[in-house]
Amino acid sequence: MPNFDDIDLSRKKSIMVITNYRTGSTAFCEYLALKFNLVNCDEVFSPSDSQCLYDNVQNKNIILKVMPDHNFEKYFQDLLEKCVVIGLIRQNIFEQIASMAIVTGK
């Protein structure tokens, strides 16, 4: 795990993780939430939710993640101003594909 001691939350109070599926982002966000004492709001822009959950948490200090199919464009400028942005990728694409196949059964 990388050293995140250089993340400065004094000016920006939340963390946004930009990632894809099957990258370990859930565990990563849980780790960051514990390390920085933030509420882990997970996928607040998930298309499976009937409403955007970000509307309920945007004034709190949180950690959230956005994925390729999330509809967060109208909030993007606000997120950039409020959040430290971390990009998360899984370097072994084969393992990522295998993980997706196992989860989906395909």
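Scroll up for the structure.
Residues numbered from 1 in each chain as written. Predicted model: local features only at pLDDT ≥ 70, side-chain atom pairs only at ≥ 80, totals over all residues. Heavy atoms only, no water.

1. Concerning the pattern of salt bridges
Evaluation of the coordinates by the stated rule reveals two salt bridges. Among the salt bridges present, the one from Lys82 reaches Asp78, with a minimum N-O distance of 3.3 Å. Pair noted here: Lys82 and Asp78 are both in helix H3 (residues 76-82), with a separation of four residues, about one helical turn. You can call Asp78 partly exposed: its relative accessible area is 24%. (Salt bridge = Lys/Arg side-chain N within 4 Å of Asp/Glu carboxyl O. Helix = DSSP H or I, 4+ residues; strand = E, 2+ residues; numbered from the N terminus. Buried < 20%, exposed > 50% of the residue type's maximum accessible area, 1.4 Å probe, protein only.)

2. Side note on the sheet that holds strand S3 (residues 62-66)
Taken in spatial order, the four strands line up as S2-S3-S1-S4 in an open sheet, and their pairing is parallel. Of all the strands in the sheet, just strand S2 (39-42) and strand S4 (83-87) have a single pairing partner and so form its edges. For this sheet, the mean inter-axis angle between neighbouring strands, taken without regard to orientation, is 20 degrees. Sheet topology places S2 next to S3; three bridges connect them, and they run parallel. Looking at S3, one finds that Val39 is bridged to Ile62. (Pairing = 2+ DSSP bridges. Axes fitted to C-alpha atoms, helices over the stretch in contact; angles between N-to-C directions.)

3. Topic: the packing of aromatic side chains
One pass over the full model with this rule turns up five aromatic pairs. For the pair Phe45 and Phe72, a centre-to-centre distance of 6.0 Å together with 45 degrees between the ring planes defines the contact as tilted. Of the two residues, Phe45 sits in the loop between S2 and helix H2 (54-57) while Phe72 sits in the loop between S3 and H3, which places them 27 residues apart along the sequence. Neither residue differs from the other here; Phe45 and Phe72 are each classed as buried. The interplanar angle of 55 degrees and the centroid separation of 5.8 Å between the aromatic rings of Phe72 and Phe76 together place this pair among those described as tilted. Judged by relative accessible area, which is 14%, Phe72 ranks as buried. Ring pairs connect the aromatic residues Phe45, Tyr54, Phe72, Tyr75 and Phe76, which therefore count as one cluster. (Phe/Tyr/Trp six-rings, centres within 6.5 Å; stacked < 30°, edge-to-face > 60°.)

4. Focus: the environment of Tyr75
The topology assignment puts Tyr75 in the loop between S3 and H3. Tyr75 gets classed as buried once you look at its relative accessible area, which sits at 10%. The spacing of Tyr75 and Phe45 is 30 residues in sequence and 9.9 Å in space, taken between C-alpha atoms.

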